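Geometric and topological summary
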Amino acid sequence: MYPFPTSIRAAGACLILMAGFAQAVRADEPKVPTGQELAFDNRKGNCLACHAMPGEPKAVTSTNIAPPLISMKERFPERAKLYAQVWDASKVNADTLMPPFGKHKILSDDEINKVVDYIYGL
Amino acid sequence: MKQLIWILSCLGWLAVAANAQAAPEDDRLSVVKAVQKKYPEIKFEDYVHGALAFSPDAKAQYDAVMTFPPYDAEIEKGAKLWETPFKNGKRYADCFPRGGKNVVGNYPMFDAASKKVVTFEMALNQCRTANGETAYKHSDMNTMGLLTAYARTLSDGMKMNVKVEGKDALAAYEAGKRFFHQRRGQLNFSCAGCHISNVGNVLRTEYLSMAPGQATHWPAFRGGDYTLFTLQRRYAACNQMVRLAPLEIGGEEYNNLEYYHSYLSNGLPLQASVFRK
Amino acid sequence: MNVFRVAVRIMAAGSVLLGIAGSAAHAAENTAGAALTADAAQALSNAVFVVDLAKGKSALWTTAAGALAQAQDAAKKQDSAAVIKHAATASEQAFLGMAQLGYPLTVDH
């Protein structure tokens, strides 16, 4: 075995410390938003711009332009249809004002799933 | 027999000529009638108030600001620009009939020679260059913005009176109409989707204004800072809001759009340099 | 033996020089002049091309333009992974913007 000179040991210790530091930094990354947060965020779903949520006390909006989000399980017995509506509403109504959140990648598929899970409970 | 053929062909030509104007007028009437049907209580002349026509509170706030507009100093800067002679001694007033009074309602107009839409701001620039001055940038609110903020007030009260005559003018009008109905930006909105098909509905906290009347009240001094917006700056801002990178202010697309958009306001009175929130 | 060692050293030096020359050539391809990977440089130049195409058709989305700006910032910092990620978004959003030109016009109701 070769004897490790002091400089190499010091470099090794530095690398270990840096790796540890990087780990700590990674742990401080922002937490993943919930479906409700995505729905309310005006850079993401921004649902309240057009949809009232009569059953959700936190939802404050004056909009009347689109159907209110209530009794969603009754209105969409198939969850896949609700997913498709959020993904690209123009398939059902060519003149819809609803942005195609999936088709235009406004929301990722994972984000759409979270939002659908949230509104499916309204 | 010869007379009959002559009369019939004359009538035929009349029909063709009438048809050239009929399409834009049909469009305008259909859009206006849709608003009248949905909101019979709103008077036609009040379409110029747009979203304010749906909210007495907002209208009252507007009226209060308009009694002593805080941006009067800006309009005075514009007046100075208008009244200061060019290096050759001529003035803007020399370029327009009636010294510039009651001319804005005729714009945009279609110039058959250049085969292009000419907006009032382009006419102001044509006046500058014809008299040895450099043209202002249409997007510069400190030059063109202020100048037009005053110059347009000389036509306050004039009814919008845009003409679409001839097939080249019609093509420009149709290009503007197409722009108005085309989905744009990541959010996929068209102007018509909101301002023709959802008039009076509330998006977020704002009423959607009706398309007829929109083009009558520019520039506008907007919000708490009373920022000066020409109509085309507003087009750029709307495009940005739906996540489309804005097009050129003073460019052909916005000019054609303004041509169609202003035609929809025909018959409505102009008022420049108003407050909007 | 000695000849063999010298040959190995010459070859090693040669490949090091080739490596430097190679990455310099790639570096010349990107705007920052920094040392990005070949994939990153290619992704960036693709994105620039597609964004320009969309702009020329008046169909550029702010999301495409924004992602390209982020890719160019990442290129200045020599962050190849970030360049690839943002350039991919820029290209994707630019293509979607151009595809939108083919959507039907909205009908008045």
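Because the structure is predicted, anything quoted here is derived from the model rather than measured.

A closer look at the sheet that holds strand 6 (residues 227-229) of chain B
Residue and element names in this part refer to chain B. Read from one edge of the open sheet, three strands run 6-5-7, paired in mixed fashion. Only two strands of the sheet have a single partner each, and these edge strands are strand 6 and strand 7 (274-276). Between one strand axis and the next, the sheet turns by 35° as a mean value, whatever way the strands run. Pairing of strand 5 (residues 220-222) with strand 7 involves three bridges; the strand directions are parallel. In the sheet register, alanine 220 faces strand 7, and the bridge partner there is valine 274.

As for the confidence of the model for chain B
Taken as a whole, chain B shows an average pLDDT of 94; of its residues, 95% reach a score of 70 or greater. Taken together, the chains of this predicted complex give a pTM of 0.84 and an interface ipTM of 0.88.

Quick word on the nonpolar core
It is characteristic of soluble globular proteins that their nonpolar side chains tend to be buried jointly. Residue and element names in this part refer to chain B. By size, the foremost hydrophobic cluster in this structure holds 72 residues, and its most contacted members are Leu124, Leu147, Ala151, Tyr173, Tyr259, Tyr260 and Tyr263. Here the element with the most residues in this core is helix 5 (residues 141-151); it accounts for six residues. Shared between two domains, this core takes at least three residues from each, and those domains are domain 1 (30-69 + 166-276) and domain 2 (72-155). Non-local contacts of tyrosine 260, meaning those with residues more than four positions away in its chain, are made with Tyr173, Gly176, Lys177 and Phe180.

Looking at the interface of chain B and chain C
The interface is formed by 17 residues belonging to chain B together with 14 residues belonging to chain C. Of all the elements in the fold, those that place two or more residues in the side of chain B that touches chain C are helix 6 (167-181) and helix 7 (191-195) of chain B. Across the side of chain B that touches chain C, the residue classes tally to five nonpolar, eight polar and four charged.

Details of the packing of helix 8 (residues 231-241) of chain B against helix 9 (residues 252-263) of chain B
What describes two packed helices is the angle between their axes and the distance between those same axes. Residue and element names in this part refer to chain B. Following both chains from N to C, one finds helix 8 and helix 9 inclined at 110°, their axes separated by 10 Å at the closest point. Classed by the angle they form, the pair helix 8 and helix 9 counts as roughly perpendicular. Counting all contacts with helix 8, which are made through Leu231, Gln232 and Tyr235, the residues of helix 9 involved are Tyr254, Leu257 and Glu258. Split by residue class, the contact of helix 8 with helix 9 holds four nonpolar, one polar and one charged.

Rules of the game
- Residues numbered from 1 in each chain as written.
- Chains lettered and ligands numbered in written order.
- Predicted model: local features only at pLDDT ≥ 70, side-chain atom pairs only at ≥ 80, totals over all residues.
- Pairing = 2+ DSSP bridges.
- Helix = DSSP H or I, 4+ residues; strand = E, 2+ residues; numbered from the N terminus.
- Axes fitted to C-alpha atoms, helices over the stretch in contact; angles between N-to-C directions.
- pLDDT = per-residue confidence, 0-100.
- Core = buried A, V, L, I, M, F, W, Y, C linked by C-beta atoms within 7 Å.
- Buried ≥ 20, exposed ≤ 12 C-beta atoms within 10 Å, placed from the backbone.
- Domains from an automatic or database assignment.
- Contact = placed C-beta atoms within 7 Å.
- Nonpolar A, V, L, I, M, F, W, Y, C, P; charged D, E, K, R; others polar.
- Parallel < 35°, antiparallel > 145°, perpendicular 65-115°, else oblique.

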